[in-house]
Amino acid sequence: MSWIYLFIAGIFEIVWAVALKYADGFSNWFYSALTIIGMVASVYFLAVAMRTIPLGTAYAIWTGIGCIGVFIAGILLFGEAFTVSRTVFASLIAIGIIGLKFSAS
């Protein structure tokens, strides 16, 4: 169950980062509120997951999920560059996340 909580924490990490972009410097109250809610939920689920998942593993996977998710969201929602080099390096992060998951005790 801890891995599910960690995945949920990563999803909320993506939510708050995307909402922060839409918040436009906290000038949009709806997205500003969504940013704060997403941050709190993300850290809460991370804390719950870390009851049984080692700190380094949980934190690396949490930030990795957020990183890859925001990378994809940036391309799909904000028209950020989709280049071979960016994709290769994002894939290396994903490979690291998978490796940490399968090597965790």
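Residues numbered from 1 in each chain as written. Predicted model: local features only at pLDDT ≥ 70, side-chain atom pairs only at ≥ 80, totals over all residues. Heavy atoms only, no water.

What follows covers the overall build of the protein. Regarding its fold elements, the protein presents 4 helices and 0 strands. Listed N to C, the secondary structure of the protein is α-α-α-α in terms of helices and strands. Burial statistics for the protein: of 105 residues in total, 33% are counted as buried. In the protein, 67% of the contacts between residues at least 6 apart in sequence involve partners at least 24 apart. Taken as a whole, the protein presents about 6400 Å² of accessible surface, with 75% of it coming from carbon and sulfur. (Helix = DSSP H or I, 4+ residues; strand = E, 2+ residues; numbered from the N terminus. Buried < 20%, exposed > 50% of the residue type's maximum accessible area, 1.4 Å probe, protein only. Contact = heavy atoms within 4.5 Å. Areas by Shrake-Rupley, 256 points an atom, 1.4 Å probe, with all protein chains shown as cover.)

Scanning the model with the defined rule gives 1 salt bridge in all. For E80, the salt bridge goes to R86, with nearest N and O atoms at 3.8 Å. (Salt bridge = Lys/Arg side-chain N within 4 Å of Asp/Glu carboxyl O.)

So, about the nonpolar core. Generally speaking, nonpolar side chains in soluble globular proteins are found buried as a group. Formed by 18 residues in total, the largest nonpolar core has its most connected members in L6, A9, L46, I53, A58, I61 and W62. Secondary-structure elements contributing two or more residues to this core are α1 (2–23), α2 (29–49), α3 (55–78) and α4 (84–103). Setting aside anything within four residues of it in sequence, one finds L46 in contact with L6, A9, A58 and W62. (Core = buried A, V, L, I, M, F, W, Y, C linked by side-chain atoms within 4.5 Å.)

On the surface, V84, V88, F89, L92 and I95 cluster together into a nonpolar patch covering about 530 Å² of accessible area. Note on placement: I95 falls in helix α4. Here I95 falls in the exposed class, since its relative accessible area comes to 56%. (Patch = residues over 30% accessible without salt bridge, like charges linked within 9 Å, V, L, I, M, F, W, Y side chains within 5 Å.)

On to the packing of α1 against α2, then. Close contact between α1 and α2 brings their axes to 7 Å; oriented N to C, the two are set at 160°. In terms of axis orientation, α1 runs roughly antiparallel to α2. Here α1 runs over α2; the crossing is left-handed. Residue classes in the contact of α1 with α2 are distributed as 19 nonpolar, 5 polar and 1 charged. (Axes fitted to C-alpha atoms, helices over the stretch in contact; angles between N-to-C directions. Parallel < 35°, antiparallel > 145°, perpendicular 65-115°, else oblique. Left-handed = near helix turned anticlockwise from the far one by under 90°. Nonpolar A, V, L, I, M, F, W, Y, C, P; charged D, E, K, R; others polar.)

Quick look at the side chain of S2 now. By the secondary structure assignment, S2 is in helix α1. The exposure class of S2 is buried, given its relative accessible area of 14%. A distance of 2.4 Å separates a polar atom in the side chain of S2 from a polar atom in the side chain of T52. Leaving out residues up to four positions away in the same chain, S2 has contacts with A49, T52 and I53. (Polar contact = N/O pair within 3.5 Å; in protein donor to acceptor, adjacent residues only side chain to side chain.)

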